[in-house]
Amino acid sequence: MTMQIADSVPLSASDAKARAQAAAARDNLRTEPRAVRITIIALAMIFLTVFVVLPLVVVFAQAFSRGIVAYLAALAEPEALAAIRLTLLVAAISVGLNLVFGLVAAWAIAKFDFPGKTFLITLIDLPFSVSPVISGLVFVLLFGAQGYFGSWLRDHDIQILFAVPGIALATTFVTFPFVARALIPLMQEQGTQEEEAAISLGASGLQTFFRVTLPNIKWGVLYGVLLCNARAMGEFGAVSVVSGHIRGETNTMPLLVEILYNEYQFVAAFAIASLLAMLALITLIVKTVLERHLDEGQEPSDH
Amino acid sequence: MTIEVRNLVKSFGSFKALDGVDLKVDSGELVALLGPSGSGKTTLLRIVAGLDWPDSGEVFINGEDALAQGARERHVGFVFQHYALFRHMTVFENVAFGLRVQPRAVRKDEAAIRVRVKELLDLVQLDWLADRYPSQLSGGQRQRIALARALAIEPRILLLDEPFGALDAKVRKELRKWLRSLHHEIHVTSIFVTHDQEEALEVANRVVVMDKGRIEQIGSPDDVYESPASAFVHGFIGESIELPVQVEGGAVRLDGRPLALAADGLAPGASKLFVRRHDMLVGPPGSGAFEGAVRHVRNFGPVQRAEVTLSGGQTIEIDAPRDKELRAGDTIGLEPRRYRIFGG
């Protein structure tokens, strides 16, 4: 559009002045005045500093405010160690489950046509659109003492709420979309031709999946797992509802941070928070690396 | 190995991709399925391969009911238009794939696989690319690797879906010749799909012309070109002039005026007259069945192509030899050396 306007300036006139004006007009249309540019960039930088960089710095500053010995002592508390263990366990369970579910869902959606497909795609996003607190409450309704399965579970002496299974379930629900979301567009773009080729060459369904489908999406899988893991370790709302906050037993790291903070144990609270912040930083770095691989993986389309 | 399909019907929603197709391919033939896009040719090929299933009808490969088998059991080599090479495997591994996924009982050992893959890469003359990845190859090389991969399982039949469709014109011509000589060498019963008539006529022993899910004509390349069975085939194969005519009272009429063309054996009614561009001979005004004014003339390889407006107002394109004197503005007579009239 801008080019058209610039080109409409009469260049046919042999007048060199007209040409110069046209060139100037073109430049003006393309770029903002210097002052405006500087203002916009400065605004962005200030916003980024205040809302992203500063909080990160504050977390570490608080964590180390009484020195490194106090920091390490806070992390060595049995309660802190229990929270770290639980968080790792829950993350491992929910990432594992979502890896399987996500792969299956993405595979079904990308490679097959079936009635209700659009509905399924919408459903996958549900955990993103529902408040985590409500996700947690759903499990209380299902498995709580007054819930649908409550009495049955009590009769069989199975503890889901206020225990590891409940926390793992809530976390799995909240983090479900990550793997599926990472894979669906990737698999849709790759189509089904390689799979068809594999089958016509005599490969079985499993051989096709492990030799053709999976290698083609491995970077996407890692990408989904990474984001899923970050969210699983950091999840607060849903876990808070189902955990019961039993100290040393059902407190994950984010829950413990809140409890310690409310008890004015700032060093301990921020020490654990710093671990979560470090997780975020590592996630970011790995994410950047994976994105590069994902871009490389995209073959230039056939020609 | 023979291929036979009987009364195949396949719909995608309300779209009828195949509408009662019967076809028999003899052992060792190289058959082209030719038709415009949407004519059902690829669907037919995919059904034979087991990648799609018909709504009704039968498929036999070497006399066996193929519909009772999955794609895996049919032992059919399939070559895709966009190659469908495994992008994360080297060329060698791509070709070896079919050998590696065989059940353990019949699988060759590693040394035998190496020998076989080497043979196939030699056959397609690309043994020097064994360690490359598909993304590092040109389109023509990829398609030859795809062919080697399909041949690795010693398929009973070979199916090629627009094998040269994604390649540029020069490579396409080379590969066409190469495919024909390869077929001569290995003699596996083959069907290939194409929308390019030149490709079909040049490569195939037999051409199957399809339109709207039906077979319009089956014949040798000469047959379909020289004696098209329907208006569609005449219009689709070769460059044709098409004029709407009336057959009435023993005469062929264009815009009500009788043409000096025989109307023997033609059903009365609205019909279509087809003439090949090069079969329209140029003469002095008043000498032929038509008269027209030359609009412009362009040289086109061995011929000159003239746009002519007939006295009735229709504009046609004819091909005349280069030595014929033709200039824009000339009034000329035109006599069809050969023509066909189809009713309806």
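The model shown is predicted, which means the values in this text are computed figures rather than measured ones.

J.: Where do I start with helix α5 (residues 169-186) of chain B in this structure?
T.: Residues lying three or four places apart along an α-helix face the same way, a consequence of the helix completing one turn every 3.6 residues. All names here are of chain B. Between its first and last C-alpha atoms α5 spans 26 Å; for 18 residues at 1.5 Å apiece the expected length is 26 Å, and the two agree. Considered for burial, the residues of α5 that qualify are L175, R176, L179, L182 and H183. Around the axis of α5, the buried residues are gathered within 135° of arc, so they sit on the same side. Facing away from the buried side of α5 by more than 90 degrees, the exposed set consists of K170, E174, K177, S181, H184 and E185. Its buried side turned inward, α5 meets β3 (30-34), α4 (139-152), β8 (189-194) and α6 (197-203). Of the residues flanking the end of α5, it is H187, one or two places downstream, whose phi is positive at about 55°.

J.: Looking at this model, I keep getting lost on the confidence of the model for chain A. Mind explaining?
T.: Where the model shows low pLDDT, its predicted coordinates should not be examined in detail. Residues and elements named next belong to chain A. For chain A, the average pLDDT comes to 86, and 90% of its residues sit at 70 or higher. Predicted confidence for residues 1-11 stays below pLDDT 50, and this span has 14 contacts to residues more than four positions away or in other chains. In this model residues 299-303 is a low-confidence stretch, pLDDT under 50, and it forms seven contacts with partners more than four residues away in sequence or in other chains.

J.: Please explain the interface of chain A and chain B as it appears in this structure.
T.: Many analyses report the size of an interface as the accessible area lost when the parts associate. Opposite the 18 residues of chain A that make contact, chain B presents 22 residues. At the level of elements, α12 (193-200) and α13 (205-234) of chain A are the ones that each hand at least two residues to the side of chain A that touches chain B.

J.: I tried to follow the sheet that holds strand β11 (residues 240-248) of chain B on my own but got confused; where do I start?
T.: Strands in a sheet are paired, the pairing made by backbone hydrogen bonds, and the direction either parallel or antiparallel. Residues and elements named next belong to chain B. Pairing within the open sheet is antiparallel, and its five strands lie in the order β13-β12-β11-β14-β20. Each edge of the sheet is formed by a strand with only one pairing partner; in this case those strands are β13 (257-259) and β20 (340-343). Ignoring strand direction, the axes of neighbouring strands in this sheet form an average angle of 45°. By the bridge criterion, three bridges tie strand β12 (residues 251-254) to β13 in an arrangement that is antiparallel.

J.: Looking at this structure, how should I read the nonpolar core?
T.: Buried together is how nonpolar side chains tend to be arranged in soluble globular proteins. Counting residues in each nonpolar core, the largest one holds 100 residues, and the members touching the most others are A32(B), V48(B), V95(B) and L159(B). If one sorts the elements of this core by residue count, α4(B) sits on top with seven residues. The contact partners of V95(B), leaving out residues within four places of it in the chain, are V117(B), L120(B), L121(B), I145(B), A148(B), R149(B) and A152(B). Counting 61 residues, the second-largest nonpolar core is a separate cluster that includes A168(A), F173(A), L227(A) and V257(A).

J.: Would you mind showing me how to read the pairing of β12(B) here?
T.: A regular strand places its side chains so that they alternate between the two faces of the sheet. Residue and element names in this part refer to chain B. Bridge count for β11 against β12 is three bridges, and the pairing is antiparallel. Bridge assignment links Q246 to a residue of β12, and that residue is R253. From the end of β12 to the start of β13, which pair antiparallel, there are two residues, and D255 there has a positive phi angle of about 55°.

J.: Would you take a moment to explain α12(A) for this structure?
T.: Summarising burial for α12(A): seven of the eight residues are buried, a large majority. Burial in α12(A) covers these residues: E194(A), E195(A), E196(A), A197(A), A198(A), I199(A) and S200(A). Residues of α12(A) that are buried make contact with α5 (78-111) and α13 of chain A together with α1 (41-49), β6 (76-79) and α2 (91-100) of chain B.

Conventions adopted
- Residues numbered from 1 in each chain as written.
- Chains lettered and ligands numbered in written order.
- Predicted model: local features only at pLDDT ≥ 70, side-chain atom pairs only at ≥ 80, totals over all residues.
- Helix = DSSP H or I, 4+ residues; strand = E, 2+ residues; numbered from the N terminus.
- Expected span 1.5 Å × (residues − 1).
- Buried ≥ 20, exposed ≤ 12 C-beta atoms within 10 Å, placed from the backbone.
- Arc of directions from axis to C-beta.
- Contact = placed C-beta atoms within 7 Å.
- pLDDT = per-residue confidence, 0-100.
- Pairing = 2+ DSSP bridges.
- Axes fitted to C-alpha atoms, helices over the stretch in contact; angles between N-to-C directions.
- Core = buried A, V, L, I, M, F, W, Y, C linked by C-beta atoms within 7 Å.

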